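Examining the three-dimensional arrangement
Take a look at the letters that make up each chain.
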Amino acid sequence: MRNNLLKNKLFATTLLAGVASSMSAGVALAQDYTTGSLEITVVDETGAPVTGASVSIESNRQGWTRSETTNASGDAFAGRLPAGRYTIIISSPGANSITDETIRVEVGDSIQYDFVLTTTDELRNDVIVVNGVRTKGSSFNAAETGLTIDVEETFERIPLPRNLNALVQLAPGTVIGDSAFGSSSSISGSSAAENAFYINGMNITDFRNFLGASTVPFEFYQAVEVKSGGYQAEFGRSTGGVINAVTKSGGNEWHGGASVFYRPDELREDSPVAFGTATQSLNQFDQFDETEYNLWVSGPVIEDRLFVYGMYSPGNQESLAVFDNGDFRIDKRDDPFYGMKVDAILTDGHTLEWTHFSDDRVTTRNTYAATFEEDANGDVKEIESVSSTSAVTNFFSGGDVNIVKYTGNFTDWFSLSILGGRQTFNQTTSGSLDGNPGIYDSREGGLARLGNWGSLQVSNGSDERELFRADADFRYDLFGEHQLRVGVDQETLTAKDATIYSGGIYYRYFAPGSCPDGDGESECVRVRIYDAGGEFETEQTAFYIQDSWQVTDQFLLNLGLRNETFDNRNPAGETFTKIEDQLAPRVSAIYDVYGDGKAEVFGSYGRYYLPVATNTNIRLSGSELFTQDWYYFSSINADDTPVLEGDPFNASVFGDGSVPDTRSVVDQDLEPMFVDEFILGGRYRLDDKWSLSASYTFRSLESTLEDIAVDAAVNAYCDANEIAGCADIWTGFHSYVLTNPGKDLVFITDEIPGTDGFVEVPLSANDLGYPEASREYEALELTAQYIGDRLTLDGSWTISRSEGNYEGPVKSDNGQDDAGITTSFDQPGLVDGSKGLLPNHRAHKLKLFGNYEVTEQFNVGGNLQVSSPRKFGCIGVHPTDEFAQAYGAESFYCGGELTPRGSQLESDWIYDVDVNFVYEITTLPIGRTVARVDIFNVFNADSISDIREQGEDDGGGVAAYYGRAAGYQAPRAVRFGLSWEF
């Protein structure tokens, strides 16, 4: 039986039209992050168990063999099997042997097969009988939602962009994250910065802000799991989803190949003009060319014992973007990816793996100055001229990943895996004009670029992760069958960072009405200075235990508990926040209605914790100098810098450049960020072709961590205790403390007048003035799958609601990826009106994808994704809270009126229809050659995906472009592909 089923096969008869791809099975026993297992039952012709039967399990690809013997119940178990195809040979004295060469093991999957040994005299002993029947899988994953994807098979059948996020978007319960966060996904109502990424058992998530991970080409992947809910205690450090990938491995035959994919700009349409902060993206002039090459080889170094898979992927990507402020940008990247996987079979049942890859890369941006010719309406008609010189900026990212893993199967009831790994990631942005100040001019309503500089912020940084984990499995009988797994993992994270504004200073000119506290008649300039950095270390440790208990043949109970500790340190190596005893229970139950796996009902409860991002270490505990001063100016120099007049008429100090005492920046009663989740569902297999299911998910954010200004509450504390002089120190922006918004906090400071040294200061939630962070997500997921002789069809329909006053560690409203230190709770006034439909809310998300095999050589695939609109508010300047006013346009107020989140505007419905045509060329004498054409957004729909939400500028004036389109769905594009393998 084919095993490519959706993880959650949901009830939706409305999805009976369209096309779909081959996916892998959803009911699964997670053998760890990278393997699966087989459960085999052998009976005779009467149905009685066969004791002592020999079961041989041979890897079709690598040739090694595992041998098991059936117990008194006729059962045999083989755990921690690498994903792939296997041959099972079963024999017993006096019976005909059985051989089945079609057994397939998926990542995280436990497949149960029933075999019948016959003793019929008409059958000779040398006759091979194949009568294994897949029945069901008892598993830790049985109540899990999401999707498991065979990457190569799926890509051959449906049109997909060649990035990990495109695979994630096939799963129910996922929506595309805000464009400010690159290629990202929101999973089950979370922000884009709450997902965890694993490859071959190692966490490779970007731990600075949790947005994305190391970049790996499609050809390097074997399978990808998208876990959107219900995942067990071995998975953690995520309050969103888990993306778990396994790479390809070599086998006993030498194979190799090459592929090339080309997306020409000539066959890419242009999107309409997009309106950004105060500039227009002139998309009619954009250009984008991409060529991707892949070379790979795999085979045995020592037959049956040592195998290698290697890949080299040079690429070339070039894009051009033009903005009405005169920026003419050309981005280029041509760094190669290379990787390899080495598998050593030490003895049967004991393996050693080494994975190495490098995605170290640099994108070089040349920024030229352009002038334009405008039509009678003031719209740009064409480019008049482009300067001959440019500002060069280099964006460094990626790094090296090394993973070593040992797996040992010692008996049929005990196995062990041990993994160690190291990841590096470059976080540097630098350029040829870093010594020149950044200058913008918004006096005319736009955002004109002045001066001669490259990137506004210049950073020199790097990250390193060192990881160790061990997992052990035990199988035993005690009032039913049990699989007990225990494990520990520890990560040491080191972040180095030094960030300043270009030239050490940033100027922005404003018209008179936009100058806070100004005279209303004079132009002004805002002057910002920012300088922060240091070396920061974090240790993350977790222990877990989970038991999959087959209480009866029809009832499965999974019980799990995870305990995590996060220890974040400042540049001096001192702990500035340590959160311990984060107990995360994971419980699920599955009932097999008829005992044959045809119909199941399930439910689960889970608690998930998110670590403190190292960005919080850098911003909150580092030496940060951050000032903002407003000046009048008498003239502008030849280099576009201002000639300032006198002292600033408005001044703010957000950071004074010192390394703060760790006790003064963190609530002493700090609780971690965590989410509680409940899932109820059922699945039903109609026949060999149709599978359906439905599930309801409810998630609630119970606590979060953010920095808040405590000045007002400290002044209230001083007043209550008759302490004079506090208001001279605590002026509104003096101190920010990491805490749980909406709750009492205790911090320690030496700046209370009249006290000697550090004192403990308790502050009440009422005096602080912040509400509790809230986010609730509920969804009904309906999916269906059809697997026919020529047609495969997968579809899902998610009906959901995501509402609250807090999106997550990052903030789509203003594109802030400052994980854990967003403006969400900086001042009480910034929270006014923040409760509403969140940026990742989509009431409806419909997905339909698959393939039709026209002939053996030619097939057609399709991918339909439909999404309902995103909701927007109006963001401006707070009319009454003077401290919130200092942040400029950051409040849900416009024109002095409250304009709550999600209440003012909405984007368009998005309809994306992609198709592909794949033809296998059979006339060539050697190897297999496949040619393909993928057409994305066939009908060139240009629906608005993002809207300019800022209705006022920082001075309270009417902002340019409010309500205009800030982004569109990707326009129609064509990609050509050719691959050859032997």
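The present account deals with the structure reproduced in this document.

Thresholds, definitions, all that
Residues numbered from 1 in each chain as written. Predicted model: local features only at pLDDT ≥ 70, side-chain atom pairs only at ≥ 80, totals over all residues. Heavy atoms only, no water. Salt bridge = Lys/Arg side-chain N within 4 Å of Asp/Glu carboxyl O. Helix = DSSP H or I, 4+ residues; strand = E, 2+ residues; numbered from the N terminus. Buried < 20%, exposed > 50% of the residue type's maximum accessible area, 1.4 Å probe, protein only. Pairing = 2+ DSSP bridges. Axes fitted to C-alpha atoms, helices over the stretch in contact; angles between N-to-C directions.

Comments concerning the pattern of salt bridges
For the structure on display, the rule yields 57 salt bridges. Note that Asp 818 and Arg 619 form a salt bridge whose closest N and O atoms lie 2.1 Å from each other. Here Asp 818 is found in the loop between strand 49 (791-804) and strand 50 (836-837), whereas its partner Arg 619 is found in helix 3 (residues 614-621), with 199 residues between them in sequence. One network of salt bridges, in which partners are shared, links Arg 237, Arg 465, Arg 469, Asp 471, Asp 489, Glu 491, Arg 562 and Glu 564.

So, the pairing of strand 52 (residues 858-867)
Counted residue by residue, strand 52 has seven buried out of 10 residues, so it is predominantly covered. Pairing between strand 51 (residues 844-853) and strand 52: nine bridges, direction antiparallel. Directly across from Phe 849, in strand 52, lies its bridge partner Asn 863. Turn length for the strand 51-strand 52 hairpin, with the two strands adjacent in sequence and antiparallel, is four residues. Pairing of strand 52 with strand 57 (residues 910-921), which is carried by 10 bridges, proceeds in the antiparallel orientation. Residue pairing for strand 57: Ser 867 is matched across the bridge by Ile 910.

Overview of the sheet that holds strand 9 (residues 145-150)
The sheet built from five strands is open, its strands ordered 9-14-15-12-13 with mixed pairing. The outermost strands of the open sheet, each flanked by one partner alone, are strand 9 and strand 13 (202-203). As judged from the six bridges shared by strand 9 and strand 14 (residues 221-229), these two strands associate in the antiparallel manner. Note on strand 14: the bridge partner recorded for Thr 145 is Gly 229.

Some details on the sheet that holds strand 5 (residues 84-91)
A sheet is described by the order of its strands in space; here four strands give the open sequence 3-2-5-6, paired in antiparallel fashion. Both outer strands of the open sheet, strand 3 (65-69) and strand 6 (98-105), are each paired with one neighbouring strand and no more. Across this sheet, the average inter-strand angle for adjacent strands is 25°, counted without regard to direction. Two elements, strand 5 and strand 6, share six bridges in a ladder whose sense is antiparallel. From the neighbouring strand, Tyr 86 faces strand 6, where its bridge partner is Ile 103.

Considerations on the side chain of Ser 735
Secondary-structure assignment places Ser 735 in the loop between helix 4 (711-720) and strand 45 (736-739). For Ser 735, a relative accessible area of 9% puts it in the buried group.

A closer look at the pairing of strand 23 (residues 337-347)
Both faces of the sheet carry side chains from a regular strand, because those side chains alternate between them. Judged from the eight bridges that link them, strand 20 (residues 306-313) and strand 23 form a sheet pairing that is antiparallel. Note that in strand 23 the partner of Phe 307 across the bridge is Asp 343. The pairing of strand 23 with strand 24 (residues 350-358) spans nine bridges and is classified as antiparallel. Residue pairing in the sheet places Gly 339 in a bridge with Phe 357 of strand 24.

Read these as geometric descriptors, not functional statements.
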